[in-house]
Amino acid sequence: MKNRELKSAVVLCGGMGRRMGSDKGLLVMDGRTFIEIITDRLLEYFSEVAVVFRDSSQACNYRDLLDSSIRVLTDEVPGVGPLGGIFTALGRISGSAALFLPCDSPLVTLEFLLNMKDAFRVMGDRCDAIVPCRDGLPEPLHSIYSVKIRDHIKGLLAKNERRVRVLLDSIESCRLDAISLDPTLRSFRNFNRPEDLRI
Ligand SMILES: Nc1nc2c(ncn2[C@@H]2O[C@H](COP(=O)(O)OP(=O)(O)OP(=O)(O)O)[C@@H](O)[C@H]2O)c(=O)[nH]1
Ligand SMILES: [Mg+2]
């Protein structure tokens, strides 16, 4: 029988943080960096945790913050945004799919992680992506993607298409109500500008 346990989780961390004015994974909340908060949480429930950086020089800045079990990846196709990070990770993870998270959502809840794992158990072999939706709008960077779509992403990138939403519209995705996955919606809160940090 197919193993339906979702074992891999990936944090996308290769952005430039232009609006924030700094590298967002290194922002601090309650004395810990965002990347530590998120990866510590993921390590509780996933046997494989990876972080995708834009390049090795960025990865160096995080070296002392990551548990030794965390896999450090760098973009195979640099400078093409989150879709490039997803592309890289899907070629490197050991499982058949992974939960992706952005590095700027430190409030992600354990309940959300467990509900996504449950969703994969139930519908993982029926679709290429499992996508939370809020008011009908997808949350593509808090979603599960199958390694099966890697070639498709390659095709999109070859056409210079970088929008994750275009990916979602061209694959078989199962959409779930975000509120049923995290009734607080805190998991989806992200920080883009300095003023967002005043919470
Ligand atoms: N691996 C990888 N991750 C990326 C890339 N671009 C963005 N991300 C990540 O995708 C997530 C969402 O991106 P944004 O919210 O736009 O973050 P950002 O690009 O750092 O910020 P801006 O420069 O202000 O757009 C964040 O976790 C980013 O680190 C990329 O080229 N490669
Ligand atoms: Mg960006």
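Note that this is a predicted model, so its numbers are computed, not measured. (Residues numbered from 1 in each chain as written. Chains lettered and ligands numbered in written order. Predicted model: local features only at pLDDT ≥ 70, side-chain atom pairs only at ≥ 80, totals over all residues.)

Peer 1: Explain the overall build of the protein here, please?
Peer 2: Along its length, the protein carries seven helices and 10 strands. Computed over C-alpha atoms, the radius of gyration of the protein comes to 16 Å, within 12% of the 16 Å expected from 2.2 N^0.38 for 199 residues, which places it in the range of a compact globule. Projected onto the principal axes, the alpha-carbon positions of the protein cover approximately 45 × 40 × 35 Å. Each of the 199 residues in the protein was classed as buried or not, and the buried ones make up 41%. (Helix = DSSP H or I, 4+ residues; strand = E, 2+ residues; numbered from the N terminus. Rg over C-alpha atoms; globule rule 2.2 N^0.38 Å. Buried ≥ 20, exposed ≤ 12 C-beta atoms within 10 Å, placed from the backbone.)

Peer 1: Help me understand the packing of helix 3 (residues 82–90) against helix 5 (residues 150–158) in this model?
Peer 2: Any two packed helices are characterised by how steeply their axes cross, that is the angle between the axes, and by the distance between the axes. In the contact formed by helix 3 and helix 5, the axes pass within 10 Å of each other and the chain directions differ by 145°. Crossing geometry of helix 3 relative to helix 5 is assigned as left-handed. Note on element contacts: helix 5 touches helix 3 through Arg150, Ile153, Lys154, Leu156 and Leu157, opposite Leu83, Gly84, Ile86, Phe87 and Leu90. Taken together, the residues of the contact of helix 3 with helix 5 sort by class into seven nonpolar, one polar and two charged. (Axes fitted to C-alpha atoms, helices over the stretch in contact; angles between N-to-C directions. Left-handed = near helix turned anticlockwise from the far one by under 90°. Contact = placed C-beta atoms within 7 Å. Nonpolar A, V, L, I, M, F, W, Y, C, P; charged D, E, K, R; others polar.)

Peer 1: Where do I start with the site of ligand 1 in this structure?
Peer 2: With respect to spatial proximity, 23 residues lie near ligand 1, and among them Gly14, Gly15, Arg18, Gly85 and Pro102 are the closest. Take the shell around ligand 1: its biggest share by element is three residues, from helix 3. In terms of residue class, the shell around ligand 1 is made up of nine nonpolar, eight polar and six charged. (Near = placed C-beta within 6 Å.)

Peer 1: Where do I start with the UniProt feature "binding site: GTP" (unreviewed entry) in the protein in this structure?
Peer 2: Per the UniProt record, "binding site: GTP" (unreviewed entry) is annotated on Leu12, Cys13, Gly14, Lys24, Asp75 and Asp104. Within the element layout of this structure, Lys24 appears in the loop between strand 1 (8–12) and strand 2 (28–29). Looking at Lys24, the number of C-beta atoms within 10 Å reads 23, which means it is buried. Summarising the element assignment, Asp104 is placed in the loop between strand 6 (97–102) and helix 4 (110–123). Overall, the presence of 23 C-beta atoms within 10 Å leaves Asp104 in the buried class. The residues touching Asp104, leaving out its near neighbours within four places in the chain, are Lys24, Phe34, Asn190 and Phe191. (UniProt positions renumbered as here; feature names shortened; annotations may be inferred.)

Peer 1: For this particular structure, what's the right way to read the pairing of strand 6?
Peer 2: Across a regular strand the side chains alternate sides, sitting on one face of the sheet and then on the other. Of all six residues making up strand 6, six are buried, and the element is well covered by its neighbours. A two-sided burial pattern is seen for strand 6, the buried positions comprising Ala97, Leu99 and Leu101 on one face and Ala98, Phe100 and Pro102 on the other. Bridge count between strand 1 and strand 6: five bridges; the pairing is parallel. When the sheet's bridge partners are listed, Ala9 is paired in strand 6 with Leu99. (Pairing = 2+ DSSP bridges.)

Peer 1: Explain the UniProt feature "domain: MobA-like NTP transferase" (unreviewed entry) in the protein here, please?
Peer 2: The UniProt feature table records "domain: MobA-like NTP transferase" (unreviewed entry) at residues 9–169. Taken end to end, residues 9–169 is 34% helix and 22% strand, and its two terminal C-alpha atoms sit 23 Å from one another.

Peer 1: How should I be thinking about the environment of Thr74 in this particular structure?
Peer 2: Mapped onto the elements, Thr74 comes out in strand 5 (residues 71–74). By C-beta crowding, Thr74 is classed as partly exposed, having 17 other C-beta atoms within 10 Å. Other than its neighbours up to four places away in sequence, Thr74 contacts Phe53, Arg54, Asp55, Ser56 and Ala59.

Peer 1: Is there a simple way to think about the nonpolar core in this case?
Peer 2: For soluble globular proteins, nonpolar side chains are generally found buried alongside one another. If you look at the biggest cluster of nonpolar residues, it comprises 52 residues, and the most contacted ones within it are Val10, Ala98 and Ile144. Not counting the four nearest positions on each side in its chain, Ala98 is found in contact with Ser8, Ala9, Val10, Ala89, Ile93, Ile144 and Tyr145. (Core = buried A, V, L, I, M, F, W, Y, C linked by C-beta atoms within 7 Å.)

Peer 1: Would you mind showing me how to read the confidence of the model for the protein here?
Peer 2: Of the residues in the protein, 98% have a pLDDT of 70 or more, and the chain-wide mean is 96. Prediction confidence for the complex, expressed as pTM and ipTM, is 0.97 and 0.99 respectively. (pLDDT = per-residue confidence, 0-100.)

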